[in-house]
Each structure stands twice: as structure tokens, then as C-alpha cells.
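Chains, contacts and geometry: an overview
Read off the chains here:
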Amino acid sequence: NAGVTQTPKFRILKIGQSMTLQCTQDMNHNYMYWYRQDPGMGLKLIYYSVGAGITDKGEVPNGYNVSRSTTEDFPLRLELAAPSQTSVYFCASNPGWGGSNQPQHFGDGTRLSIL
Amino acid sequence: AQRVTQPEKLLSVFKGAPVELKCNYSYSGSPELFWYVQYSRQRLQLLLRHISRESIKGFTADLNKGETSFHLKKPFAQEEDSAMYYCALSRGSGAGSYQLTFGKGTKLSVIP
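Throughout what follows, the structure given in this document is the object of discussion. (Residues numbered from 1 in each chain as written. Chains lettered and ligands numbered in written order. Predicted model: local features only at pLDDT ≥ 70, side-chain atom pairs only at ≥ 80, totals over all residues. Heavy atoms only, no water.)

Digging into the overall build of chain B
Put simply, the rule is: A run of H or I in DSSP counts as a helix once it spans at least four residues, and a run of E counts as a strand once it spans at least two, with each numbered from the N terminus. For this measure, only C-alpha atoms enter the radius of gyration; the expected value for a globule follows 2.2 Å times N^0.38, where N is the number of residues. A simple rule labels every residue: compare its accessible area, found with a 1.4 Å probe on the protein chains alone, to the largest value its type can have, and call it buried under 20%, exposed over 50%, or partly exposed in between. Throughout, a residue-residue contact means that at least one pair of heavy atoms, one from each residue, lies within 4.5 Å. We treat Lys and Arg as the positive residues and Asp and Glu as the negative residues; His and chain ends play no part in the count. To locate a charge, the coordinates of NZ of Lys, CZ of Arg, CG of Asp or CD of Glu are taken.
Along chain B, the regular secondary structure elements total zero helices and 11 strands. The C-alpha radius of gyration computed for chain B amounts to 14 Å, which stays within 12% of the reference 13 Å derived for 112 residues, consistent with globular compactness. Taken along the three principal axes of its C-alpha coordinates, chain B extends 45 × 30 × 25 Å. Going through the 112 residues of chain B one by one, you find that 44% of them count as buried. Sequence-distant contacts, at least 24 apart, represent 57% of the contacts inside chain B between residues at least 6 apart. Charge-centre separation for chain B: the mean point of 15 positive side chains lies 7 Å from the mean point of 9 negative side chains.

Here's the deal with the sheet that holds strand β8 (residues 76-78) of chain A
Residues and elements named next belong to chain A. The condition that has to hold: Strands qualify as paired when DSSP identifies two bridges or more between them. Every axis corresponds to a line fitted to the C-alpha atoms, with the helix fit spanning only the stretch in contact, and the corresponding angles, defined between N-to-C directions, vary from 0 to 180 degrees.
Taken in spatial order, the four strands of this open sheet run β1-β3-β8-β7, and their pairing is antiparallel. Two strands in the sheet have a free side with no partner beyond their single neighbour: β1 (4-7) and β7 (64-66). If you compare each strand with its neighbour and ignore which way they point, the axes differ by 20° on average.

Comments concerning the sheet that holds strand β7 (residues 60-61) of chain B
Residues and elements named next belong to chain B. The strand order across the open sheet formed by three strands is β3-β8-β7, and the pairing between neighbours is antiparallel. A strand with exactly one partner marks an edge of an open sheet, and here the two such strands are β3 (19-21) and β7. Two elements, β7 and strand β8 (residues 72-74), share two bridges in a ladder whose sense is antiparallel. Looking at β8, one finds that T60 is bridged to K73.

Some remarks on the state of the cysteines
All names here are of chain A. Counted only if it meets this: Cysteine sulfurs are considered disulfide-paired once they come within 2.5 Å of each other.
Within the structure shown, the criterion is met by two disulfides over all chains. For C23, the disulfide goes to C91, at an S-S distance of 1.9 Å. Disulfide C23-C91: torsion about the S-S bond near -75°, hence left-handed. You can see C23 sitting in strand β3 (residues 19-25) and its partner C91 sitting in strand β9 (residues 87-94), a full 68 residues away along the chain.

Overview of the pairing of β1 of chain A
Residue and element names in this part refer to chain A. Side chains V4 and Q6 project from β1 onto a buried face, and the interleaved T5 and T7 project onto a face without burial. As paired elements, β1 and β3 share four bridges and run antiparallel to each other. In the strand pairing of β3, V4 is matched with Q25.

A look at the interface of chain B and chain A
What counts, and what does not: For any pair of parts, buried area is found by adding up, for both, the accessible area (1.4 Å probe) each one loses once the two are put together. Salt bridges are counted wherever a side-chain nitrogen of Lys or Arg sits within 4 Å of a carboxyl oxygen of Asp or Glu. Counted as a polar contact is a pair of N or O atoms within 3.5 Å, where, for protein atoms, one must be capable of donating a hydrogen and the other of accepting one, and residues adjacent in sequence contribute only when both atoms are in side chains. Any residue that is not Ala, Val, Leu, Ile, Met, Phe, Trp, Tyr, Cys, Pro, Asp, Glu, Lys or Arg is counted as polar, Gly included; the first ten are nonpolar and the last four charged.
If you look at the interface, chain B gives 21 residues, while chain A gives 23 residues. Both faces combined, the contact of chain B with chain A buries some 2000 Å², and carbon together with sulfur accounts for 53% of it. At the junction of chain B and chain A, the tally comes to one salt bridge. In this structure, D108 of chain A and R43 of chain B form a salt bridge, with 2.9 Å as the shortest nitrogen-oxygen distance. Counting the contacts that link chain B with chain A gives five residue pairs in polar contact (both at pLDDT 80 or more). Mapped by element, the contributors of at least two residues to the side of chain B that touches chain A are β5 (32-38), β6 (45-49), β9 (83-91) and β10 (99-102) of chain B. The greatest single-element share of the side of chain B that touches chain A, amounting to four residues, is contributed by β5 of chain B. Across the side of chain B that touches chain A, the residue classes tally to 10 nonpolar, seven polar and four charged.

Points about the pattern of salt bridges
Scanning the entire structure with this criterion turns up seven salt bridges over all chains. Salt-bridge contacts for E20 of chain B lead to K73 of chain B; the nearest nitrogen and oxygen are separated by 3.7 Å. Here K73 of chain B lies in strand β8 and E20 of chain B lies in strand β3, a separation of 53 residues in the sequence. Via salt bridges that share partners, K9 and D108 of chain A together with R43 of chain B belong to a single interconnected network.

Written out as C-alpha cells, the structure is:
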């Protein structure tokens, strides 16, 4: 199993451009998450989803959108890229059953620079 | 609001020396706590969780509710322990999604 797969691994955008960060998981997990990690900081939750068709905002959702049309895929969209969105983005998933002690499985991350 | 604090950005120890990575939390409910680790060129992965009360790769962590701490310990550091370590707290949310709140991380460097 590949687990959680993120594409692309690296990307440079110009201010005002848009792009979609892809995330897919093959573990049949119900819950999926998007985090961003700024230098020297911990991961902060952007959006999460508890199942297909259900998404909700995390701690830092401004400037992003998500959709969850299938169990496997959870893309993150940046509509108007801004320098403040320069960060490393991580996608994660977990089964969603078994309570709050279920670990999250992470992708390799996408390093995004906005110039 | 919940918060996770890792006071040390960088911790350097000699091989064979004891290691303690500190983690303190604030949370009004009953916390679920984790340690995640990221080795060089690898993805973030779970190291251990407090509910399991297990030892993984020689590491242990005890939840101290009185001191609101979940420090990670290992009696004898190995070079392969060099990595970035994150403490995280899981809380329930409205949809039962159990969001994680992460500390800023501690980089452990084991000196040969």
C-alpha cells in the first residue's frame, strides 16, 4: 500500500496564481486532513473531512478551499496565491473509528513557494 | 483553547547518554497525547501514544496530568534517534474528527 500520496512534491507559484494540491489515500480511511507547516512552527490544521461530501474548517482556513467527492481523494485548492501561503503542506488520514487515540498517517508533503 | 509546548527547539546529546524531550500541554478535557517523529527524508510518523503505554525503539512517555506533561525519554541515545520530534494532542471536535494540535517540534541530534 502506498498510504497517503501527495502531488506535487515541490511547486513555485507567482502571486495571484491558483493551484490544487492533490492528496489520495488507499487505506479506506474516512477522515482526512490538510496541515501547513511554516518554518520553526508546528503543523496547523487548514481543513479536514470526516467522509465523502463532508468538510470543515480547521485553525487556518483562509485562502484555501477543499472538496471530498470520494473517500480516497482530498484536494486542497489555493485560488489567489499570496506570499503568506509559502509553506510545507501535509495531508493526513486516519480511520475515523476507534476514538481520538487513532494515529494519523501522513504524506510526504508539498513544498510550496509563492513569489 | 488547547496548546502544546515543546520548550527546546534543539537538543544535542552524546551517544549513550539519556534523552528527555519535554512536552507540556494545556487542555480542559481529557487529553490523548502522541509523539510523532520525522527522520531525515522520511515522512512524519507515529512514534508512540500515551494510551498504549508502550516502549517503541526504547522510547517511553508518561502522561502526568498533575504537571500537564508528556515528556519523551530514552535511557541511552543512539545515532539513529537523530530526528525531528513533535508532541501532539488530540481532541474531539463537533464532527468527531479528533483534530491534532502540534507543538513546534524539537530537533534531536545525537553526537557520535
